Amino acid sequence: MSAVIQNLVNQPYKHGFVTDIESDVVAKGLSEDVIRLISGKKGEPEWLLEFRLKAYRHWLTMTEPAWPNVKYPRIDFQGISYYSAPKAKKKLASMDEVDPELLRTFEKLGVPMNERAALAGVAVDVIFDSVSVATTYKKKLAEVGVIFCSFSEAVKDHPDLVRKYLGSVVPAGDNFYAALNSAVFTDGSFCFIPRGVRCPMELSTYFRINTQESGQFERTLIVAEEGAHVSYLEGCTAPKFDTNQLHAAVVELVALDDAEIKYSTVQNWYAGDENGKGGIYNFVTKRGLCKGINSKISWTQVETGSAITWKYPSCILQGDNSSGEFYSVALTNHRQQADTGTKMVHVGKNTRSKIISKGISAGFSNNSYRGLVKIGARAEGARNFSQCDSMLIGDKCGANTFPYIQVANSSAKVEHEASTSKIGEDQLFYFASRGIGNEEAVSMIINGFVQDVFVQLPMEFAVEATKLLGLKLEGSVG
Amino acid sequence: MIRNDAPELLEVRSLAARIGERNILKGINLRVRAGEVHAIMGPNGSGKSTFAKVLAGHPSYEVIGGEVLFKGRNLLELAPEERARAGVFLGFQYPIEVPGVSNASFLRLTYNTVQGARGKDELDPLEFDDFVREKMKLLEMDPAFLERSLNAGFSGGEKKRNEILQMALLEPKLAILDETDSGLDIDALRVVANGVNKLHTADNGIVLVTHYQRLLNYIEPDYVHVMEGGRIIKTGDKSLALELESRGYEWVAREAA
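Within any chain, residue numbers begin from 1 and follow the written order of that chain's sequence. Ligands are numbered from 1 and chains lettered from A, in the order in which they are written. Residues qualify for local features only when their pLDDT is at least 70, as the model is predicted, and side-chain atom pairs are given and counted only at 80 or more; totals for whole chains, interfaces and linings, by contrast, use all residues.

A. Highlighting the environment of serine 49 of chain B. Residues and elements named next belong to chain B. To qualify as a helix, a DSSP run of H or I must reach at least 4 residues; to qualify as a strand, a run of E must reach at least 2; elements of each kind are numbered from the N terminus. Assignment of secondary structure puts serine 49 in helix H1 (residues 48-56). Separated by 47 residues in sequence, serine 49 and isoleucine 2 place their C-alpha atoms 25 Å apart. By the convention adopted here, residues make contact when the C-beta atoms placed from their backbones lie within 7 Å. Residues within four places of serine 49 in sequence aside, it is in contact with Gln93, Asp178 and Val209.

Structure representation (structure tokens):
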């Protein structure tokens, strides 16, 4: 393949720097003592410690999943430090009190959160390593009864809610990484939208992995009560490191009758260098439960980073007439590997789901879509539409589609469409013969390719995501 | 039309090119002056389409000999996009399908890119919409084409109309139309040929690459060239095309040997 295409993926990681903030790091290794230590440091109630220990004991009986279409060396789970927090000085009431070093880090990332929050009307719950250091707009949200805070705060201030819903969608022993997360999660976000409330602003969390060799185990729980609406944005960047870092987050969403949750992610973690050295292992469990009738959960993800992505944001469509959506763009470059997709499990009657997945592979990367559409025996009138498109840039990369369809009700309608296209010499030559240079051609083809997904993103995120794809592919054709 | 005082647009001298280890063009000579229509005919594998692609700068082909002057400039040192901006247009035999990219936005990008490179005004989306709709009338195209994805799911005839629409927008000095007649029914052929005729002026030159004489019933060539084995082995006027239609290509090769 021409040098044009070879160059298209050789963009150095812009966000590669380490913030020098003193961290409180627990010694490497995992045991019941370490879990007790974490729980103790966080001053957790007994029931939560029990939740962790139960998960840990279950985890000990499990083995790492071998079915994803990815290759990586064995992870030494005893070689990871399971807790790291910036040494908190005191509780922060306003942005002024945030460590200036931390603020500068966000400036470098192009995320001046105070400005961003004010301009975009977004409340930003900043996660720095594993502990929240600032939460803005909390007051405004509190006026309408919306709770948006760090997970630790939620455990302290709203223990009944957390206890009621934690593990109700992703049980502690659900899978290897979810069990690990349940045992050792340090912090994350909690969001509760009470009955009938339409959340007045988009809620946003910026994640950032900072301390070298500390695994990240975020826990996010979002509950929308009857008739509640919320749009939640998750954006991620991470500094450049040579050692692989494990990230095993769990996100649980619960939508009651007539509730709607929209969860959007732009992920740009360090993907490793051109030769596949370093980068984040992103092994995430994200699942939403459409518990009530007419409820709706929509996942939109733009995955551009991480050395390995293993992620299947899913919907359990339990309530009658509930619907689930999954819109995804996954871009892999260099030696990145992604095995990502969704699960739509239809349980209730007249449940609907829609899957639009766009995979872009460049360099030597490997990009797999893996999705399950399951129609239960009682899911009368269930409908699914899936579209899985792959785009290959150059001829050294790979794309795979693994659609699983299980139907146990004969009234169900399931549609699956798939296509593969490529950006190669002929495509670029066509544009060139109309005066359009390679970079502009790639950008136009890619933007066209991902359009069905990007229209689902909140406006400011769509702009950011478009820039991100451009950045990721800049110079890869030439 | 042939005018001996017309400026020279294209001069190809002993052009040789290969793909991989395979030599395809083995010394082509061709002169095109403003106002002329040239038809290049020949059997499958004679190198006609390769010649068209090499002129437009397809990266798969390597030029290993000869030279190509376009309006006195060395065309071979220009990148494909620079050739297009300079006024060379290739109408594709198989236009590329690009799902998700609207025809309108593609057409506007190519128009504005070329306009910009020629130091002319670019058009905003609204202005361009009016402009392109006018041009589409030339080819009897439904404006609904603008909203569709570029060439995606277009029929053979629709793709070819879209190619000539691009020619109408870019106003090339030299248009090379590679098998524009293939895949067209008689009605579409007439529409496309009429479009080309309307775009042909005393200032531009047209090179038609074709298998069949029938296109030449609609677009009358000033010269007909027969290619065989990577060379032009015979040149004549439009009567040569008729003779080829009735007698085939073999006799030309025998005669040239």
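B. Just the sheet that holds strand E1 (residues 8-19) of chain B, in detail. All names here are of chain B. When DSSP finds at least two bridges between two strands, those strands are taken to pair. Strand order in the open sheet formed by 4 strands is E2-E1-E4-E5, with antiparallel pairing between adjacent strands. Edge strands, defined here as strands with exactly one partner in the open sheet, are strand E2 (22-33) and strand E5 (73-74). Note that E1 and strand E4 (residues 62-70) share 7 bridges and pair antiparallel. When the bridges of E4 are listed, arginine 13 appears paired with glutamate 67. To get an axis, fit a line to the C-alpha atoms, keeping to the stretch in contact for a helix; angles then go from 0 to 180 degrees between the N-to-C directions. H1 contacts E1, E2 and E4 of the sheet and is inclined by roughly 70° relative to E2.

C. Inspection of the interface of chain B and chain A at higher detail. Listed by partner, the interface residues are 22 residues for chain B and 18 residues for chain A. Among the elements of the structure, helix H2 (80-86), strand E7 (98-102) and helix H3 (103-117) of chain B are those that each provide at least two residues to the side of chain B that touches chain A. The element that contributes the greatest number of residues to the side of chain B that touches chain A is H3 of chain B, accounting for 5 residues. Amino acids outside the nonpolar list (Ala, Val, Leu, Ile, Met, Phe, Trp, Tyr, Cys, Pro) and the charged list (Asp, Glu, Lys, Arg) are all regarded as polar, and Gly is one of them. Here the side of chain B that touches chain A is built from residues that sort into 14 nonpolar, 6 polar and 2 charged.

D. Structural view of the sheet that holds strand E9 (residues 174-178) of chain B. Residues and elements named next belong to chain B. Sheet architecture is open: 6 strands sit in the order E6-E9-E10-E3-E11-E12, paired in mixed fashion. The open sheet has two edge strands with one neighbour each: strand E6 (88-91) and strand E12 (231-236). When strand polarity is set aside, the average angle formed by the axes of neighbouring strands in this sheet is 20°. As judged from the 4 bridges shared by strand E3 (residues 37-41) and strand E10 (residues 205-209), these two strands associate in the parallel manner. Its bridge partner being in E10, valine 37 is matched across the sheet by isoleucine 206. Running at roughly 145° to E9, H1 makes contact with E3, E6, E9, E10 and strand E11 (223-228) of the sheet. Contacts from helix H8 (residues 238-247) reach E3, E11 and E12, with the element oriented near 45° to E11.

E. Seen up close, the pairing of strand E14 (residues 296-303) of chain A. Residues and elements named next belong to chain A. In terms of residue burial, E14 counts as a mostly covered element, since 8 of its 8 residues are buried. With C-beta atoms placed from the backbone, a residue counts as buried when 20 or more other C-beta atoms lie within 10 Å of its own, as exposed when 12 or fewer do, and as partly exposed for counts between those limits. Alternating residues of E14 divide into Lys296, Ser298, Thr300 and Val302 and Ile297, Trp299, Gln301 and Glu303, and every residue in both groups is buried. Pairing of strand E12 (residues 260-268) with E14 involves 8 bridges; the strand directions are parallel. Residue pairing in the sheet places valine 266 in a bridge with valine 302 of E14. In this structure, E14 lies alongside strand E17 (residues 323-332), joined through 8 bridges in parallel fashion. Bridging across to E17, serine 298 finds its partner in glutamate 325.

F. Representation of the packing of helix H4 (residues 125-138) of chain B against helix H5 (residues 156-170) of chain B within the structure. All names here are of chain B. Two elements in contact, H4 and H5, have axes whose closest approach is 10 Å; the angle formed by their N-to-C orientations is 125°. In terms of orientation, H4 and H5 fall into the oblique class. You can see that H4 and H5 cross each other, and the crossing is right-handed. Across the interface between the two elements, Val132, Lys135, Met136 and Leu138 from H4 touch Leu165, Ala168 and Leu169 from H5. Of the residues belonging to the contact of H4 with H5, the class tally is 6 nonpolar, no polar and 1 charged. Angles are sorted into four bins: roughly parallel if under 35 degrees, roughly antiparallel if over 145, roughly perpendicular if 65 to 115, and oblique for all others. Two helices crossing with the near one rotated counterclockwise from the far one by less than a right angle form a left-handed crossing, whereas a clockwise rotation gives a right-handed crossing.

G. The arrangement of the packing of helix H10 (residues 425-432) of chain A against helix H11 (residues 438-454) of chain A in detail. All names here are of chain A. For the pair H10 and H11, the least separation of the axes is 9 Å and the interaxial angle reads 110°. Classified by the angle their axes make, H10 and H11 are roughly perpendicular. Relative to H11, the crossing made by H10 is right-handed. Here Gln427, Leu428, Phe431 and Ala432 of H10 come into contact with H11, specifically with Asn438, Ala441 and Ile445. Along the lines of polarity and charge, the residues of the contact of H10 with H11 split into 5 nonpolar, 2 polar and no charged.

H. Region of the structure containing the nonpolar core. We define the nonpolar core as any set of buried residues of the types Ala, Val, Leu, Ile, Met, Phe, Trp, Tyr and Cys, connected via C-beta atoms lying within 7 Å of each other. The biggest cluster of nonpolar side chains holds 188 residues, and the ones touching the most others in it are Ala224, Val230, Leu253 and Ala255 of chain A together with Ile176 and Leu208 of chain B. Per-element accounting of this core gives the leading share, 8 residues, to H11 of chain A. Ignoring sequence-local partners within four residues, the contact set of alanine 255 of chain A consists of Ala224, Glu260, Ile261, Gly288, Leu289, Cys290, Lys291, Gly292, Ser295, Lys296 and Ile297 of chain A.

I. Spatial organisation of the environment of proline 45 of chain A. The topology assignment puts proline 45 of chain A in the loop between helix H2 (32-41) and helix H3 (46-60). Each C-alpha atom, one on proline 45 of chain A and one on proline 159 of chain A, is 8.7 Å from the other, the two residues being 114 residues apart in sequence.

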